[in-house]
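# Architecture at a glance
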Amino acid sequence: MAVRSTYRLQLRPDALTFADARAIAEYLQQLGISHLYLSPIMTAMPGSTHGYDVTDPTTVSAALGGPAGLKALSDEVRGRGMGLIVDLVPNHVGVADPRHNPWWWDVLRNGKQSQFAHFFDIDWSPNNGAGGRLALPVLQNVNDPAALTVDRGGPEPMLALHDLRFPIAPGTDDGENALRIHDKQHYRLVGWKAGVCTYRRFFAVSSLAAIRQEDPAVFELTHRELAAWCEHDLIDGVRVDHPDGLARPAEYLARLRRILGPNRLLLVEKILSNREPLDATLPVDGTTGYDALADFGGVFIDPAGESALTELSRRVLGHGSDRAWVCDTEHRIKRAVAEKLLVPEVRRLVAAIKRDAGIDGFDAAPLSDKALTNATIEVLSFMPVYRIDYTPLVGMLGAVVAEVAKRSSELTVPLSVLVAALAAGGEAAVRFQQVCGAVTAKAVEDTMFYQAARLVSLQEVGGNPDRFGHSLLDFHLANAERAQRWPATMTTLSTHDTKRGEDVRARIGVLSQVADTWADAVAAWNDITPPPDAGTALFLLQNMFGVWPADGRSAAAAPGLRERLHAFAEKAVREAGIRSSWEEPDLDFEAELHRWLDAVVDGPVGAELTELVTRLAPHAWSDALGQKLLQLCAPGIPDLYQGSELWEDALVDPDNRRPVDFGHRLGMLQSLTGTPELDATGAAKMWIVAYALWLRRERPDCFVGGAYLPLFATGDQARRVICYARGRIGEPPQVIVAATRHSVALADTGWSDTAVDLPSGTWTDRLTGHTFQGHARMEKLFARLPVALLVR
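Residues numbered from 1 in each chain as written. Predicted model: local features only at pLDDT ≥ 70, side-chain atom pairs only at ≥ 80, totals over all residues. Heavy atoms only, no water.

### Quick look at the sheet that holds strand β8 (residues 149–151)
Strand order in this open sheet of three strands is β8-β9-β10, and the pairing throughout is antiparallel. Here the strands that pair on one side only, and so sit at the sheet edges, are β8 and β10 (164–167). When strand polarity is set aside, the average angle formed by the axes of neighbouring strands in this sheet is 40°. Sheet topology places strand β9 (residues 158–161) next to β10; four bridges connect them, and they run antiparallel. Residue pairing in the sheet places A160 in a bridge with R165 of β10. Against the sheet, helix α3 (residues 102–110) engages β9 and β10, with an angle of about 55° to β10. (Pairing = 2+ DSSP bridges. Helix = DSSP H or I, 4+ residues; strand = E, 2+ residues; numbered from the N terminus. Axes fitted to C-alpha atoms, helices over the stretch in contact; angles between N-to-C directions. Contact = heavy atoms within 4.5 Å.)

### Here's the deal with the environment of F568
With respect to the helices and strands, the residue F568 is situated in helix α20 (residues 561–576). With 87 residues separating them in the primary sequence, F568 and D655 have C-alpha atoms 8.1 Å apart. Look past the residues within four positions of F568 in its chain and what remains in contact with it is F539, L540, N543, L651 and V652.

### Some words on the sheet that holds strand β6 (residues 92–94)
Here we have three strands laid out as an open sheet, ordered β6-β13-β12, and antiparallel in their pairing. What marks the edges here is a single partner per strand, and that holds for β6 and β12 (201–202). When β12 meets strand β13 (residues 205–210), the two strands line up antiparallel, connected through two bridges. Each bridged residue has a counterpart across the sheet, and for R201 the counterpart in β13 is A209.

### Focus: the domain arrangement of the protein
Many descriptions give the size of an interface as the accessible area lost when the pieces come together. Per the domain assignment, the segments of the protein are domain 1 (6–91 + 213–288), domain 2 (98–210), domain 3 (322–450) and domain 4 (512–615). On a C-alpha basis, the centroid separation for the pair domain 3 and domain 4 is 38 Å. Residue-level contacts link five residues of domain 3 with six residues of domain 4. Looking only at domain 3, the three residues that lose the most surface to domain 4 are D446, T447 and Y450, adding up to 81% of its buried area. Joining domain 3 to domain 4, the criterion identifies zero salt bridges. Counting across the domain 3 and domain 4 interface gives zero residue pairs in polar contact (both at pLDDT 80 or more). Its residues assigned to classes, the side of domain 3 that touches domain 4 shows three nonpolar, one polar and one charged. (Domains from an automatic or database assignment. Buried area = accessible area lost by both parts, 1.4 Å probe. Salt bridge = Lys/Arg side-chain N within 4 Å of Asp/Glu carboxyl O. Polar contact = N/O pair within 3.5 Å; in protein donor to acceptor, adjacent residues only side chain to side chain. Nonpolar A, V, L, I, M, F, W, Y, C, P; charged D, E, K, R; others polar.)

### As for helix α21 (residues 587–602)
Its 16 residues give α21 an end-to-end C-alpha distance of 22 Å, which sits within 8% of 22 Å, the value for a rise of 1.5 Å per residue. Restricting attention to buried positions, one finds in α21 the residues F589, E590, L593, W596, L597, V600 and V601. In a view along the axis of α21, the buried residues occupy a sector of 135°, so they form one face of it. Residues L587, D588, R595 and D602 are exposed on α21 and point more than 90 degrees away from its buried face. Along its buried surface, α21 packs onto α19 (534–547), α20 and α22 (604–633). If you check the start of α21, you find a side-chain oxygen 3.2 Å away from the backbone N of D588, and it comes from D586. (Expected span 1.5 Å × (residues − 1). Buried < 20%, exposed > 50% of the residue type's maximum accessible area, 1.4 Å probe, protein only. Arc of directions from axis to C-beta.)

### Digging into the pattern of salt bridges
According to the stated counting rule, one finds 65 salt bridges in the structure shown. The closest approach of N and O atoms between E502 and K628, which form a salt bridge, is 3.0 Å. Placement of the pair is E502 in helix α17 (residues 502–509) and K628 in helix α22, with a sequence separation of 126 residues. For the pair E502 and K628, one class covers both residues: buried. Measuring nitrogen to oxygen at the nearest pair gives 2.8 Å for the salt bridge that ties K685 to E502. One end of the pair, K685, is in helix α24 (residues 683–698); the other, E502, is in helix α17, with 183 residues separating them in the sequence. For the pair formed by K685 and E502, the shared burial category is buried. Bridged by salt links that share partners, the residues D121, R200, R348, R355, E427 and R431 form one connected network.

### Notes on the packing of α17 against α22
Contact geometry for α17 and α22: axes closest at 8 Å, N-to-C directions at 120°. The orientation of α17 relative to α22 falls into the category oblique. α17 and α22 meet at a crossing whose hand is right-handed. Judged by residue contacts, E502, D503, A506 and R507 of α17 engage V613, A620, D623, A624, Q627 and K628 from α22. Partitioned by chemical class, the residues of the contact of α17 with α22 number four nonpolar, one polar and five charged. (Parallel < 35°, antiparallel > 145°, perpendicular 65-115°, else oblique. Left-handed = near helix turned anticlockwise from the far one by under 90°.)

### Side note on the pairing of strand β2 (residues 35–38)
Of the two faces of β2, the one carrying H35 and Y37 and the one carrying L36 and L38 are both buried. Pairing analysis gives four bridges linking strand β1 (residues 6–9) to β2, with the strands arranged parallel. The residue bridging R8 from the neighbouring strand is Y37, located in β2. Tracing the backbone out of β1, into helix α1 (residues 18–31) and back to the parallel element β2 gives a crossover that is right-handed. Across four bridges, the pairing between β2 and strand β5 (residues 83–88) is parallel. Note on β5: the bridge partner recorded for L38 is V86. (Right-handed = clockwise from strand over helix to strand, strands pointing away.)

### Overview of the packing of α19 against α22
Angle between the axes and distance between the axes are the two parameters that describe a pair of packed helices. For the pair α19 and α22, the least separation of the axes is 9 Å and the interaxial angle reads 55°. In terms of axis orientation, α19 runs oblique to α22. When the axes of α19 and α22 are compared, the crossing they make is right-handed. Between α19 and α22, the contacting residues are L541, M544 and F545 on the first element and L609, L612, V613 and L616 on the second. Considered class by class, the residues forming the contact of α19 with α22 number seven nonpolar, no polar and no charged.

### Quick notes on helix α18 (residues 515–528)
An ideal rise of 1.5 Å per residue puts 20 Å on 14 residues; α18 measures up with 20 Å between its terminal C-alpha atoms. Within the sequence span of α18, burial applies to A515, W518, A519, A521, V522, W525 and N526. Burial along α18 is one-sided: seen end-on, the buried residues are contained in an arc of 165°. Opposite the buried face of α18, at more than 90 degrees from it, the exposed residues are D516, D520 and D527. Those residues of α18 hidden inside the fold are in contact with α9 (306–317), α19 and α22.

So this is what it looks like as structure tokens:
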């Protein structure tokens, strides 16, 4: 079944099960969605609200409704001419509580002799830092070992540490001394900050243990359910979570494609760095859309605001959050991540480099472990992408190594060893790619994006904060390339992983149009209510501006907003790692920050924020509608994140995974009888979402696989119009999309003589019913809404 559009559902046992999804299928059908796109559905940790901590990859989650629930959901949507896309998690499993993961439990009990030992990427070597045992970094403090007891209340005795339980190997239970029993196990409990972990993790998350999909037995077992879904035609495609963590992603994806067959959709969660191409030799239909997200949002950023916002950042933070700062900071943070958070992974990589280069055990002049580690970290820190073993990136490693050698002549010898190991194409080469991705993710998205504060809407997954917006020409070329090369790739504006929801980013982006006003306001607010740290305040104020009520209410009156802001602020400062961190939280600073937040919400700064947000709301709504309509009609398959058919105010997870009120949305959809006002209800957004999706259903050939034609306005305000046409390849256009951008200044100038020359024929705006021919003036095209959806 051809996929025209997807709607992402965050399934969770307490709020959205298969049965709940069945109940909203009719609403999604009425909205115009073709496929439900489900978050992971395999058995996960009890109470999991996201499903990525899979504990049994061989069973469908009973908490969501089990195999029968999945079959019933598939039957329901199939009966409506719709389908299912499922999120696969091949890279890791959840091990936070070993009792819930049978494979992990068996490995802990039986060690290297476990039938599942080879499923995991475990270092059992005598010099692994844990005496050849499996190190579990679960101890919170030095007194924890004293808290170890033996739990004899169940069918088998277990070692107990607070709420955690661990198996006791056969023949090692010699009484009541828990510490002595612990010393006889195949595992060793160690401090979470000790830098010892002998299994590969998902990034630096010790509760997620990586599994070895390169092993055919592991692949077969973990994909058995998927093969059955395909055999019984329950699903129409998959999204692959974090393929960059796998040993050889291209080989994995080729095996996956064989299971799916040629016609099911295969999308990868691939974060492409600035202007990095997706490998066209992969057997995939495209990415999950972070690259498109940057295009659709970037074209609404006003380059005129760059200098004022750069200067504000420089004045407050001491840097402009610009290209030079990004380059230097990315390198510095990557080094810190490799030297601290990912110590176990780097240690294993260096050991593999020594083996593959043929110098195992050599630890004397002229080459020490320290020098080899330093050279390896330096190369990892200058890598501009997640991993470089994709076809279009051939030659990149050589360029990076050459640059490092030029900068640091003392690294010549260790670099030659590194090159020799990577050239061998063995374990070191595989680990290098896996560590490279982990270093990049932790340093860039999880740290640097919380330190920069020039314009925080640019600090998004797959985004690039030093690229201050995208030109119209850039935008059109990116779309044209997508139409030609990746017609069935996913496009998105919000996901369960975005730092801010699409409408929050759109509103923050408006600050690029009023940069001087914003800079003056921030200076005044810091005088009125001094923050404990001006840089942190600059970051948080933009996010607060993005989610502040736009209906005239104070933030204090918005249910739950104060608590959400406090939770976001705590996460943000700990991720930034400057004034506080997860490893060493500065509770005094955080308490000051929370007091400042309350003072802002309840005081004069909050009142001024309310006034500014209310004044700029029409422009924020204009940009939000613009990017939404551009996404819905552009090349690729548009994904809607749950609830985003109305205005949404989501911040980073878990805020963006809150349950959605589908009853309210169904009621609004059924009550829409004419073009709504552009206001705080979000009805106008639902209106354009539904009309765009209905049009995709009516004329599918114009969209996925259709042609893309840039159109350019003429006249005084031509640069404030984004316009393109879609249609069947080789035929005249059938659909024209137009959107307003940089609207703030239009309040003074109006559209003047700005117009678009339409291709021949009579064009009707599906959103308003107005018709146009030939020379269409913007003041008429945008008389009712700041966007238009014209159909021949």
